[in-house]
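Structure at a glance
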Amino acid sequence: MSSTFRTIFITIFFTLCFICSTKAQPRVGEFINVSVGYGISAATDDTSIDGSGFYAQGEYVLALTKWIGIRPYAGVIFTSATEKDSQPNQPEYKVTSNAFLFGGKVRVAAPIPWVAPYIELGIGATIGSLETFTPKTNSKGNGLSMHIPFSIGLVLGPKHNFDVAFMYYIHPSVNQFSGAAAVGFSFPLDAD
């Protein structure tokens, strides 16, 4: 057996032993998760024009297993144009989001105690006003539109009830994404 093959085999063996003996991120059951954070909006057209503001979201969590959870959500994002994007004798470029977001996501988490990394992906809808005005794009959307939510984050603590994440909502109809750097807290709905 070559040393490279032996190293790979030992690494995989101990990783599987570790995974089988640990608790993963979401406990099985039903939870409510509340997140707040610093909201952002930016164009997807390779310009450096953005907006900033406030973000808040609530999720109903149905943790099917310790690895996978289904998460219907509802939230708001309010961003305004960043002043650095204004130039003298130039149009007022801006990327703003003032909207209500709702939809569903699936979370897949790694089974690590105290600090469990995760990734989420789903589909949702936006109701509100989205505007992307850059040198390359001039799009404005009012009303109902589709978005794609994507998140990466860490669940923290002995009970995995604290959460830090980067959440993104891609709005293809207006060539922008909105999102947040957010912190959250989960509490169980069912008795343990």
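Cut-off values and rules
- Residues numbered from 1 in each chain as written.
- Predicted model: local features only at pLDDT ≥ 70, side-chain atom pairs only at ≥ 80, totals over all residues.
- Heavy atoms only, no water.
- Pairing = 2+ DSSP bridges.
- Helix = DSSP H or I, 4+ residues; strand = E, 2+ residues; numbered from the N terminus.
- Axes fitted to C-alpha atoms, helices over the stretch in contact; angles between N-to-C directions.
- Phe/Tyr/Trp six-rings, centres within 6.5 Å; stacked < 30°, edge-to-face > 60°.
- Buried < 20%, exposed > 50% of the residue type's maximum accessible area, 1.4 Å probe, protein only.
- Lys NZ or Arg CZ within 6 Å of the ring centre and 35° of its normal.
- Salt bridge = Lys/Arg side-chain N within 4 Å of Asp/Glu carboxyl O.

**Some words on the sheet that holds strand β7 (residues 162-171)**
The antiparallel closed barrel is built from eight strands, whose spatial order is β1-β2-β3-β4-β5-β6-β7-β8. With direction set aside, neighbouring strand axes in the sheet form an average angle of 20°. In this structure, strand β1 (residues 29-43) lies alongside strand β2 (residues 50-63), joined through 14 bridges in antiparallel fashion. Directly across from Y38, in β2, lies its bridge partner F54.

**Describing the packing of aromatic side chains**
Across all of its chains, the model carries seven aromatic pairs by this definition. Aromatic pair Y168 and F177: ring centres 5.8 Å apart, planes at 70°, arrangement edge-to-face. With relative accessibility at 27%, the residue Y168 sits in the partly exposed group. Classification of F177 as partly exposed rests on a relative accessible area of 23%. A network of ring pairs unites the aromatic residues Y55, Y73 and Y169 as a single cluster. Its guanidinium or amino end placed over the ring of Y73, K105 lies 5.1 Å from that ring's centre, counting from NZ or CZ. Above the face of the Y118 ring, R107 is positioned so that its terminal group lies 3.5 Å from the ring centre.

**Quick notes on the pattern of salt bridges**
On inspection of all chains with the given rule, the structure shows seven salt bridges. For the salt bridge of E131 with K94, the shortest nitrogen-to-oxygen distance reads 3.6 Å. Here E131, found in strand β5 (residues 114-133), pairs with K94, found in strand β4 (residues 94-109); they are 37 residues apart in sequence, far enough to count as distant. E131 sits in the buried class, given a relative accessible area of 15%. Residue E120 pairs with R107 through a salt bridge whose shortest N-O separation is 2.8 Å. Remark: R107 occurs in strand β4 and E120 occurs in strand β5; sequence separation between them is 13 residues. Its relative accessible area of 1% is what places E120 among the buried residues. Through salt bridges that share partners, E59, R71, K105, R107, E120 and D163 make up one connected network.

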